[in-house]
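Each chain, written out:
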Amino acid sequence: MIEAAAPEAQLEVPPPTSPGTLRALGPHLWEATFEREGPSTGRFAATQQVSRLVWNDLDVYRYEEIANGQMLREERRIDRDVFRRQSVTAPWLKTRDVAGNSMILQRTLRLWNQALNAFGTQAVYERLEDSLIEGRPVRVYRLRLGPLAAPTAALPLTPEQAADRQSLVAEPLSLEGLVYVDEETGNRLLAEVEGIFVPRRPRDAEEIRLIYRETRSITPLPPDIVPPEGTIRDLSRPGAPRRPQTAGKTPG
(Lines give C-alpha, C1' and ligand atoms only; values in the text may rest on other atoms or scores of the structure.)
Protein backbone atom coordinates (compact mmCIF):
# COMPACT_ATOMS: atom_id res chain seq x y z
CA MET A 1 0.00 0.00 0.00
CA ILE A 2 1.32 3.46 -0.89
CA GLU A 3 2.25 5.60 2.07
CA ALA A 4 1.05 9.17 2.42
CA ALA A 5 1.54 11.68 5.18
CA ALA A 6 -1.76 12.65 6.80
CA PRO A 7 -2.56 16.02 8.39
CA GLU A 8 -5.57 16.32 10.68
CA ALA A 9 -8.38 14.13 9.31
CA GLN A 10 -10.78 15.99 7.04
CA LEU A 11 -13.76 14.06 5.68
CA GLU A 12 -14.44 14.84 2.03
CA VAL A 13 -16.01 12.85 -0.80
CA PRO A 14 -14.02 12.89 -4.08
CA PRO A 15 -15.83 14.22 -7.17
CA PRO A 16 -17.65 11.58 -9.22
CA THR A 17 -15.87 10.03 -12.19
CA SER A 18 -17.89 9.67 -15.40
CA PRO A 19 -17.30 9.02 -19.12
CA GLY A 20 -17.57 12.78 -19.63
CA THR A 21 -14.82 13.63 -17.14
CA LEU A 22 -12.63 10.79 -18.46
CA ARG A 23 -12.77 12.27 -21.97
CA ALA A 24 -11.19 15.41 -20.53
CA LEU A 25 -8.03 13.43 -19.78
CA GLY A 26 -7.39 12.89 -23.48
CA PRO A 27 -5.45 9.80 -24.66
CA HIS A 28 -4.57 7.60 -21.68
CA LEU A 29 -3.90 4.07 -20.50
CA TRP A 30 -6.16 2.51 -17.84
CA GLU A 31 -5.21 -0.71 -16.05
CA ALA A 32 -7.02 -2.41 -13.16
CA THR A 33 -6.70 -5.61 -11.15
CA PHE A 34 -9.48 -6.94 -8.94
CA GLU A 35 -8.83 -9.94 -6.67
CA ARG A 36 -11.33 -11.52 -4.33
CA GLU A 37 -10.38 -14.37 -1.99
CA GLY A 38 -13.32 -16.45 -0.83
CA PRO A 39 -15.44 -19.53 -1.61
CA SER A 40 -15.28 -21.28 -4.98
CA THR A 41 -18.95 -20.64 -5.77
CA GLY A 42 -21.71 -18.18 -4.93
CA ARG A 43 -22.20 -14.45 -5.20
CA PHE A 44 -18.81 -13.68 -3.64
CA ALA A 45 -16.83 -16.47 -5.27
CA ALA A 46 -13.06 -16.07 -5.52
CA THR A 47 -12.02 -14.27 -8.67
CA GLN A 48 -9.11 -12.48 -10.28
CA GLN A 49 -9.83 -9.99 -13.03
CA VAL A 50 -7.42 -7.90 -15.05
CA SER A 51 -8.64 -5.15 -17.37
CA ARG A 52 -6.78 -2.77 -19.66
CA LEU A 53 -7.85 0.07 -21.94
CA VAL A 54 -5.63 1.92 -24.40
CA TRP A 55 -7.80 4.93 -25.22
CA ASN A 56 -7.27 7.49 -27.96
CA ASP A 57 -10.80 8.88 -28.23
CA LEU A 58 -14.40 7.63 -28.26
CA ASP A 59 -13.95 6.02 -31.66
CA VAL A 60 -10.37 4.74 -31.35
CA TYR A 61 -9.35 2.36 -28.53
CA ARG A 62 -8.22 -1.13 -27.56
CA TYR A 63 -9.75 -2.99 -24.57
CA GLU A 64 -9.00 -6.31 -22.82
CA GLU A 65 -10.76 -8.09 -19.96
CA ILE A 66 -9.37 -11.32 -18.45
CA ALA A 67 -10.91 -13.26 -15.54
CA ASN A 68 -9.20 -16.17 -13.78
CA GLY A 69 -6.75 -16.45 -16.65
CA GLN A 70 -9.45 -16.67 -19.32
CA MET A 71 -10.25 -13.90 -21.76
CA LEU A 72 -13.74 -12.49 -21.34
CA ARG A 73 -13.52 -9.76 -23.92
CA GLU A 74 -11.07 -8.21 -26.33
CA GLU A 75 -12.21 -5.26 -28.37
CA ARG A 76 -10.72 -2.80 -30.82
CA ARG A 77 -12.45 0.16 -32.34
CA ILE A 78 -11.30 2.24 -35.30
CA ASP A 79 -13.84 4.90 -36.28
CA ARG A 80 -17.17 3.02 -36.63
CA ASP A 81 -15.58 -0.43 -37.11
CA VAL A 82 -15.61 -2.53 -33.93
CA PHE A 83 -13.69 -5.83 -33.68
CA ARG A 84 -14.53 -8.20 -30.79
CA ARG A 85 -13.66 -11.71 -29.64
CA GLN A 86 -14.20 -13.68 -26.43
CA SER A 87 -11.15 -15.98 -26.45
CA VAL A 88 -7.69 -16.04 -27.99
CA THR A 89 -8.77 -18.85 -30.31
CA ALA A 90 -12.13 -17.39 -31.38
CA PRO A 91 -12.45 -15.49 -34.66
CA TRP A 92 -12.81 -11.74 -34.56
CA LEU A 93 -16.33 -10.42 -35.18
CA LYS A 94 -16.53 -7.11 -37.00
CA THR A 95 -19.56 -4.87 -36.53
CA ARG A 96 -20.43 -1.21 -37.02
CA ASP A 97 -21.40 1.17 -34.22
CA VAL A 98 -22.67 4.72 -34.00
CA ALA A 99 -20.07 7.45 -33.64
CA GLY A 100 -19.25 8.75 -30.18
CA ASN A 101 -20.36 5.74 -28.10
CA SER A 102 -18.95 6.19 -24.56
CA MET A 103 -19.85 2.68 -23.33
CA ILE A 104 -16.21 1.57 -23.16
CA LEU A 105 -15.36 4.34 -20.71
CA GLN A 106 -18.37 3.33 -18.62
CA ARG A 107 -17.00 -0.23 -18.46
CA THR A 108 -13.79 1.05 -16.86
CA LEU A 109 -15.85 2.36 -13.91
CA ARG A 110 -17.49 -1.00 -13.24
CA LEU A 111 -14.67 -2.69 -11.30
CA TRP A 112 -14.31 0.22 -8.88
CA ASN A 113 -18.01 0.09 -8.06
CA GLN A 114 -17.84 -3.68 -7.74
CA ALA A 115 -14.89 -3.51 -5.33
CA LEU A 116 -16.59 -1.01 -2.99
CA ASN A 117 -20.14 -2.31 -3.28
CA ALA A 118 -19.97 -4.52 -0.19
CA PHE A 119 -18.88 -1.59 1.99
CA GLY A 120 -21.76 0.71 1.04
CA THR A 121 -21.74 4.11 2.74
CA GLN A 122 -19.32 2.82 5.39
CA ALA A 123 -16.55 3.62 2.91
CA VAL A 124 -15.30 6.97 4.25
CA TYR A 125 -12.78 9.31 2.60
CA GLU A 126 -10.30 11.50 4.48
CA ARG A 127 -8.56 14.32 2.59
CA LEU A 128 -4.77 14.18 2.93
CA GLU A 129 -2.01 16.43 1.68
CA ASP A 130 -2.03 17.13 -2.07
CA SER A 131 0.65 15.54 -4.25
CA LEU A 132 1.78 14.99 -7.86
CA ILE A 133 1.42 12.01 -10.22
CA GLU A 134 3.32 12.15 -13.51
CA GLY A 135 3.65 15.88 -12.96
CA ARG A 136 -0.11 16.42 -12.54
CA PRO A 137 -1.46 17.93 -9.28
CA VAL A 138 -3.68 15.41 -7.44
CA ARG A 139 -5.84 15.37 -4.35
CA VAL A 140 -5.00 12.49 -2.04
CA TYR A 141 -7.64 10.63 -0.03
CA ARG A 142 -7.40 7.87 2.53
CA LEU A 143 -10.25 5.36 2.27
CA ARG A 144 -11.28 3.67 5.50
CA LEU A 145 -14.23 1.98 7.19
CA GLY A 146 -16.68 4.30 8.94
CA PRO A 147 -19.72 3.65 11.15
CA LEU A 148 -22.88 2.17 9.70
CA ALA A 149 -25.34 4.87 8.68
CA ALA A 150 -28.82 4.85 10.17
CA PRO A 151 -31.20 2.87 7.93
CA THR A 152 -33.86 4.72 6.00
CA ALA A 153 -37.23 3.48 4.78
CA ALA A 154 -37.74 6.25 2.21
CA LEU A 155 -38.85 5.04 -1.22
CA PRO A 156 -37.82 5.11 -3.96
CA LEU A 157 -34.23 4.60 -2.85
CA THR A 158 -31.53 7.04 -3.86
CA PRO A 159 -28.12 5.55 -4.86
CA GLU A 160 -26.82 6.43 -1.38
CA GLN A 161 -29.75 4.70 0.31
CA ALA A 162 -29.29 1.67 -1.91
CA ALA A 163 -25.68 1.51 -0.74
CA ASP A 164 -26.93 1.60 2.85
CA ARG A 165 -29.03 -1.47 2.16
CA GLN A 166 -25.84 -3.31 1.16
CA SER A 167 -25.37 -3.91 4.90
CA LEU A 168 -28.18 -6.45 4.56
CA VAL A 169 -25.96 -8.41 2.16
CA ALA A 170 -22.49 -8.00 3.67
CA GLU A 171 -20.94 -6.98 6.98
CA PRO A 172 -17.74 -4.95 6.39
CA LEU A 173 -14.88 -5.77 8.76
CA SER A 174 -12.02 -3.61 7.45
CA LEU A 175 -11.17 -1.22 4.63
CA GLU A 176 -7.93 0.61 3.85
CA GLY A 177 -6.82 2.44 0.75
CA LEU A 178 -5.39 5.50 -0.92
CA VAL A 179 -6.99 7.33 -3.84
CA TYR A 180 -5.27 9.96 -6.00
CA VAL A 181 -7.67 12.26 -7.87
CA ASP A 182 -6.64 14.51 -10.76
CA GLU A 183 -7.05 18.13 -9.70
CA GLU A 184 -8.01 19.32 -13.18
CA THR A 185 -10.58 16.71 -14.26
CA GLY A 186 -11.62 15.05 -10.98
CA ASN A 187 -10.70 11.54 -12.20
CA ARG A 188 -8.92 8.82 -10.24
CA LEU A 189 -5.37 8.48 -11.54
CA LEU A 190 -4.32 5.90 -8.95
CA ALA A 191 -6.22 3.85 -6.37
CA GLU A 192 -5.17 0.99 -4.10
CA VAL A 193 -7.74 -0.63 -1.82
CA GLU A 194 -7.84 -3.66 0.49
CA GLY A 195 -10.87 -4.77 2.47
CA ILE A 196 -12.53 -7.67 4.30
CA PHE A 197 -16.23 -8.39 4.71
CA VAL A 198 -18.52 -11.28 5.68
CA PRO A 199 -21.61 -12.15 3.60
CA ARG A 200 -24.86 -12.12 5.59
CA ARG A 201 -26.02 -15.29 3.84
CA PRO A 202 -25.18 -18.00 4.57
CA ARG A 203 -24.59 -17.00 8.19
CA ASP A 204 -21.57 -19.26 8.54
CA ALA A 205 -19.88 -17.88 5.40
CA GLU A 206 -16.16 -17.26 5.57
CA GLU A 207 -14.52 -13.86 5.39
CA ILE A 208 -14.07 -12.40 1.91
CA ARG A 209 -10.88 -10.45 1.25
CA LEU A 210 -10.52 -8.15 -1.76
CA ILE A 211 -7.63 -6.25 -3.28
CA TYR A 212 -8.15 -3.62 -5.96
CA ARG A 213 -5.69 -1.43 -7.83
CA GLU A 214 -6.17 0.85 -10.81
CA THR A 215 -4.10 3.42 -12.68
CA ARG A 216 -4.79 5.95 -15.43
CA SER A 217 -1.65 7.21 -17.13
CA ILE A 218 -1.73 10.10 -19.59
CA THR A 219 0.07 9.14 -22.80
CA PRO A 220 2.35 11.75 -24.42
CA LEU A 221 1.20 10.75 -27.92
CA PRO A 222 -2.08 9.24 -29.18
CA PRO A 223 -1.78 5.43 -29.23
CA ASP A 224 -1.60 3.60 -32.55
CA ILE A 225 -4.68 1.33 -32.76
CA VAL A 226 -4.78 -0.99 -35.80
CA PRO A 227 -7.22 -3.70 -36.97
CA PRO A 228 -6.48 -7.19 -35.59
CA GLU A 229 -4.75 -9.92 -37.54
CA GLY A 230 -6.21 -13.38 -38.10
CA THR A 231 -9.69 -14.58 -39.05
CA ILE A 232 -12.34 -11.83 -39.09
CA ARG A 233 -16.06 -12.49 -39.59
CA ASP A 234 -17.54 -9.33 -41.00
CA LEU A 235 -21.07 -9.04 -39.58
CA SER A 236 -21.43 -5.48 -40.79
CA ARG A 237 -21.98 -6.50 -44.42
CA PRO A 238 -25.60 -6.75 -45.65
CA GLY A 239 -26.66 -10.40 -45.61
CA ALA A 240 -23.70 -11.49 -43.45
CA PRO A 241 -24.47 -14.60 -41.33
CA ARG A 242 -25.30 -13.83 -37.72
CA ARG A 243 -24.81 -15.85 -34.57
CA PRO A 244 -27.50 -18.53 -34.08
CA GLN A 245 -30.32 -17.56 -31.76
CA THR A 246 -30.04 -18.71 -28.14
CA ALA A 247 -32.39 -21.59 -27.36
CA GLY A 248 -35.70 -20.41 -25.97
CA LYS A 249 -35.43 -16.93 -27.47
CA THR A 250 -37.12 -15.55 -30.53
CA PRO A 251 -35.71 -12.88 -32.80
CA GLY A 252 -36.58 -9.36 -31.60
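Rules behind the numbers
Residues numbered from 1 in each chain as written. Predicted model: local features only at pLDDT ≥ 70, side-chain atom pairs only at ≥ 80, totals over all residues. Heavy atoms only, no water. Helix = DSSP H or I, 4+ residues; strand = E, 2+ residues; numbered from the N terminus. Buried < 20%, exposed > 50% of the residue type's maximum accessible area, 1.4 Å probe, protein only. Polar contact = N/O pair within 3.5 Å; in protein donor to acceptor, adjacent residues only side chain to side chain. Contact = heavy atoms within 4.5 Å. Pairing = 2+ DSSP bridges. Salt bridge = Lys/Arg side-chain N within 4 Å of Asp/Glu carboxyl O. pLDDT = per-residue confidence, 0-100. Phe/Tyr/Trp six-rings, centres within 6.5 Å; stacked < 30°, edge-to-face > 60°. Core = buried A, V, L, I, M, F, W, Y, C linked by side-chain atoms within 4.5 Å.

## So, the side chain of E214
(1) Moving on: Relative to the assigned elements, E214 resides in strand β12 (residues 208–218).
(2) Moving on: Given a relative accessible area of 1%, E214 falls into the buried group.
(3) Moving on: Among the polar contacts listed, one links the side chain of E214 to the side chain of W30, at a separation of 3.0 Å.
(4) Moving on: When near neighbours in sequence (up to four residues on either side) are disregarded, E214 contacts W30, E31, A32, T108, W112, R188, L189, L190 and A191.

## Observations concerning the pairing of β12
(1) Moving on: Judged from the 10 bridges that link them, strand β1 (residues 28–37) and β12 form a sheet pairing that is antiparallel. If you follow R36 over to β12, its bridge partner there is L210.

## Some details on the pattern of salt bridges
(1) Moving on: Applying the stated criterion to the full structure yields 20 salt bridges.
(2) Moving on: Note that E65 is salt-bridged to R107, the shortest N-O span being 3.2 Å. Here E65 is found in strand β3 (residues 60–67), whereas its partner R107 is found in helix α2 (residues 103–107), with 42 residues between them in sequence. One exposure class covers both E65 and R107, and it is buried.

## Points about the confidence of the model for the chain
(1) Moving on: Here the chain averages 85 in pLDDT, and 81% of its residues register 70 or above.
(2) Moving on: Across residues 244–252 the pLDDT falls below 50, and counting only partners more than four positions away or on other chains, this stretch makes two contacts in the model.

## Details of the packing of aromatic side chains
(1) Moving on: Evaluated as defined, the whole model comprises five aromatic pairs.
(2) Moving on: An aromatic cluster is built from F34, W112 and Y212, whose rings are joined through pairwise contacts.

## Quick look at the side chain of E192
(1) Moving on: As for its placement among the helices and strands, E192 is situated in strand β11 (residues 188–199).
(2) Moving on: A polar contact of 2.6 Å, which involves the side chain of E192, links it to the side chain of R213.

## Quick word on the nonpolar core
(1) Moving on: One finds L53, W112, L143, F197 and Y212 to be the most contacted residues of the largest nonpolar core, which totals 42 residues.
(2) Moving on: It is strand β10 (residues 170–182) that contributes the most residues to this core, six residues altogether.
(3) Moving on: Setting aside anything within four residues of it in sequence, one finds Y212 in contact with W30, A32, T33, F34, L111, W112, A115, A191, E192 and V193.
(4) Moving on: Listed in part, the five residues of the second largest apolar core include L29, V60, I78 and I225.

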